[in-house]
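Observations on chain architecture
Residue strings, one per chain:
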Amino acid sequence: MSRFKALFNFYINSSIHVALSVCALTWITLLEFGIPWDTLLIGFIFFASITGYNFVKYFGLARFHHRSLAHWLKVIQVFSLLSFLAMIYFGLKLKEMTWLYIVGFGIVTFLYAIPFLPRKFLFDHQQNLRNVGGVKVYIIGLTWAGVTVILPLVNNDFQLNSDALITLVQRFLFVLALMLPFEIRDLNYDSLKLATIPQQIGIKNTKRFGVLLMLLFVILELFKASVTCHFLTAVCFIALVTLAFIWASKKEQFEYYCSFWVEGIPILWLALVLLLEFF
């Protein structure tokens, strides 16, 4: 049992789970717009997600405690390096236009973790976008939306239209809603100067905000030029599941509430879409 838990913790802490969720959202985009499975892009996004998330999470630890790193963190470092190399392998096979967007998202990820801003623009001592008050969830939402909607369409020469724009907005709203349980959980740890959503409006109003986000998420589906029954059903169901997790969120959560269950909602969404398409 202890070995299984160690492997499970590695699965979570090495960002494999969140990378699968990002890939799931990308695959949903391919299915929605009738684009065939794109192995190169999915492979790139999977390994880029692991590389990016581990860079953001562990950059500070690796930078200041390199010689005293715990064994598990050293393993994650090696895994992240291998993922980076795999990312390069898949990335070199993508189209040039796709790389223009990748560079943009890459710069945002880099600035999210690396100190670069003057202290007068910050609320805490770390000079990066992650610590600028009130912007963290929006940066994550925009990045996830861009990677999982724009990249698969651009890499497959799909002409961006109104449906693509609506899907982009939907994805941003969805990811923003997914972040709310994390924001509520981190109330015990975040500096008040970070101005997170729960810090600004309270837990109850944060949950109400989640209801608004999911309501808009569902309504936008009705404005698409081509609305299919199974995609609408999946959107409605996943909105309810997301709301259930938001409403059940509290400051004291069990260990894997957010890191596994909430982050796994995109995988559930993909499974539902595939199931409904099969029938």
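In short, a report on the structure.

Reading the values: rules and limits
- Residues numbered from 1 in each chain as written.
- Predicted model: local features only at pLDDT ≥ 70, side-chain atom pairs only at ≥ 80, totals over all residues.
- Heavy atoms only, no water.
- Core = buried A, V, L, I, M, F, W, Y, C linked by side-chain atoms within 4.5 Å.
- Buried < 20%, exposed > 50% of the residue type's maximum accessible area, 1.4 Å probe, protein only.
- Helix = DSSP H or I, 4+ residues; strand = E, 2+ residues; numbered from the N terminus.
- Contact = heavy atoms within 4.5 Å.
- Expected span 1.5 Å × (residues − 1).
- Polar contact = N/O pair within 3.5 Å; in protein donor to acceptor, adjacent residues only side chain to side chain.
- Patch = residues over 30% accessible without salt bridge, like charges linked within 9 Å, V, L, I, M, F, W, Y side chains within 5 Å.
- Areas by Shrake-Rupley, 256 points an atom, 1.4 Å probe, with all protein chains shown as cover.
- Salt bridge = Lys/Arg side-chain N within 4 Å of Asp/Glu carboxyl O.

1. Points about the nonpolar core
Counting residues in hydrophobic clusters, the biggest one holds 62 residues, and the most contacted among them are Leu25, Phe44, Ile45, Trp144, Phe174, Phe217 and Trp269. With 11 residues, helix H7 (residues 162–185) is the largest single contributor of residues to this core. Contact partners of Ile45, with chain neighbours within four places excluded, come to Val22, Cys23, Thr26 and Val147.

2. A closer look at H7
Here H7 spans 36 Å end to end across 24 residues, near enough to the 34 Å set by a 1.5 Å rise per residue. In terms of residue burial, H7 counts as a mostly covered element, since 19 of its 24 residues are buried. Sitting at the amino-terminal end of H7 is Asn161, which places a side-chain oxygen 3.2 Å from the backbone nitrogen of Asp163.

3. Quick notes on a nonpolar patch on the surface
A contiguous nonpolar surface patch, about 670 Å² in accessible area, is contributed by Val78, Leu81, Leu82, Phe84, Leu85, Ile88 and Leu92. With respect to the helices and strands, Ile88 occurs in helix H4 (residues 71–91).

4. Some remarks on the pattern of salt bridges
Taken as a whole, this structure holds four salt bridges when the rule is applied. In this structure, Lys224 engages Glu32 in a salt bridge whose closest nitrogen and oxygen atoms are separated by 2.3 Å. With Lys224 in the loop between helix H8 (197–221) and helix H9 (229–247) and Glu32 in helix H2 (residues 16–32), this pair connects stretches of sequence that are 192 residues apart. A residue is classified by how much of its surface remains accessible, and Lys224, at 6% relative accessible area, is buried.

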